[in-house]
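# Observations on the three-dimensional arrangement
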Amino acid sequence: MSLLHNKKEGNYMFGISDKVVIGYDLSNKYAQISFCRLNDDMPETITLIEGAEQYDIPTCLFKRSEVNQWFFGKEALSYSTLEEGTIIDNLLEQALIGDEIAVSDEYFNPIALLALYIKRSLSLVKNNVHTERICGIMFTVPDLTKRVIEVLNQISVLLDLKDVTIQFQSREESIYHYIIHQASELWQYDVEVYDFSLDSMRSYHFYENKHTDPKVVFIDETLHKLNVRSDLEER
């Protein structure tokens, strides 16, 4: 992947200093939500337990049997062991496939279920900011394919957020923006970023061609499969 490096100063995306931008990192297993006031330098990430670094929100829903009651994230996992009902996981993957999901005797659109999960999880932000101050949401996904864009566009309509700009980016683009907004001495040389999940790790190698104007930045992504269970057993 290559990107033109044309860094601009200031908040050019949304441009209202007293507003808040949400960063929503969505994957098939977990989501993370961060927010940043446009007059602040650093974002904050929503933690599920105050004072603890528990940022991962499981990408799943649970519907109780015979009632229209839904739970999301860790609460969904907890209820699935205590109550009769249906757990629905892999929401992003199922939305991309597009097949209806059977829950008891009902069938649900998987994109609508993913939108429900996102809407419920965004409620976590209310503990930190006034929702009317939210002016933009940036969704980050592992790969920004044509199908992913179609799904996210449909979700944007279902969320029905007035006066909120919704944009999408890939994980590579997110890493690119993160790196170039660090102190310049940190990215004058090659940079490696690692993204660890349960059974794999992705490395992103960031480097630039210093002989072009504007400079061209490259990011090479490599997937490293990990045999975590075997490693633990050996210990």
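In case you missed it, the structure is sitting above this.
Note that the structure is a prediction, hence the values are computed from the model and not measured.

Pairing of strand E11 (residues 134-141) with strand E12 (residues 165-170), which is carried by 6 bridges, proceeds in the parallel orientation. Considered in E12, the bridge of Phe139 is made with Phe168. The parallel pair E11 and E12, bridged by helix H4 (residues 146-159), forms a crossover whose chirality is right-handed.

By the bridge criterion, 7 bridges tie strand E2 (residues 20-26) to strand E3 (residues 30-37) in an arrangement that is antiparallel. Paired with Tyr24 across the bridge in E3 is Ile33. Between the antiparallel neighbours E2 and E3 lie 3 residues. Bridge analysis of E3 against strand E5 (residues 57-58) gives 2 bridges, and the strand direction is antiparallel. If you follow Tyr30 over to E5, its bridge partner there is Pro58. Where E3 lies against strand E4 (residues 44-45), 2 bridges are found, and the strand directions are antiparallel. Looking across to E4, one finds that Ser34 is bridged to Thr45. Here E3 hands over to E4 after 6 residues, the two strands then running antiparallel side by side.

With the rule as written, the count across this model stands at 5 aromatic pairs. Both rings, one in Tyr24 and one in Phe139, keep their centres 5.2 Å apart while their planes meet at 45°; by these two values the pair is tilted. One end of the pair, Tyr24, is in strand E2; the other, Phe139, is in strand E11, with 115 residues separating them in the sequence. No difference in accessibility class separates Tyr24 from Phe139, as the two residues are buried. Centre to centre, the rings of Trp70 and Phe108 are 5.3 Å apart; their planes meet at 90°, and the pair counts as edge-to-face. One end of the pair, Trp70, is in strand E7 (residues 70-72); the other, Phe108, is in strand E10 (residues 106-108), with 38 residues separating them in the sequence. Just as Trp70 is buried, Phe108 falls in that class too.

What follows concerns the sheet that holds strand E6 (residues 61-64). Sheets are built from strands that pair by backbone hydrogen bonding, the pairs being arranged parallel or antiparallel. In spatial order, the strands read E7-E6-E8; together these 3 strands make up an open sheet with antiparallel pairing. Only two strands of the sheet have a single neighbouring strand rather than two, namely E7 and strand E8 (85-88). In this sheet, adjacent strand axes meet at a mean angle of 20° when their direction is disregarded. Across 4 bridges, E6 lies against E8 in antiparallel orientation. Its bridge partner being in E8, Lys63 is matched across the sheet by Thr86.

Cut-offs used in this document
Residues numbered from 1 in each chain as written. Predicted model: local features only at pLDDT ≥ 70, side-chain atom pairs only at ≥ 80, totals over all residues. Heavy atoms only, no water. Pairing = 2+ DSSP bridges. Helix = DSSP H or I, 4+ residues; strand = E, 2+ residues; numbered from the N terminus. Right-handed = clockwise from strand over helix to strand, strands pointing away. Phe/Tyr/Trp six-rings, centres within 6.5 Å; stacked < 30°, edge-to-face > 60°. Buried < 20%, exposed > 50% of the residue type's maximum accessible area, 1.4 Å probe, protein only. Axes fitted to C-alpha atoms, helices over the stretch in contact; angles between N-to-C directions.

Read these as spatial facts, not as claims about activity.
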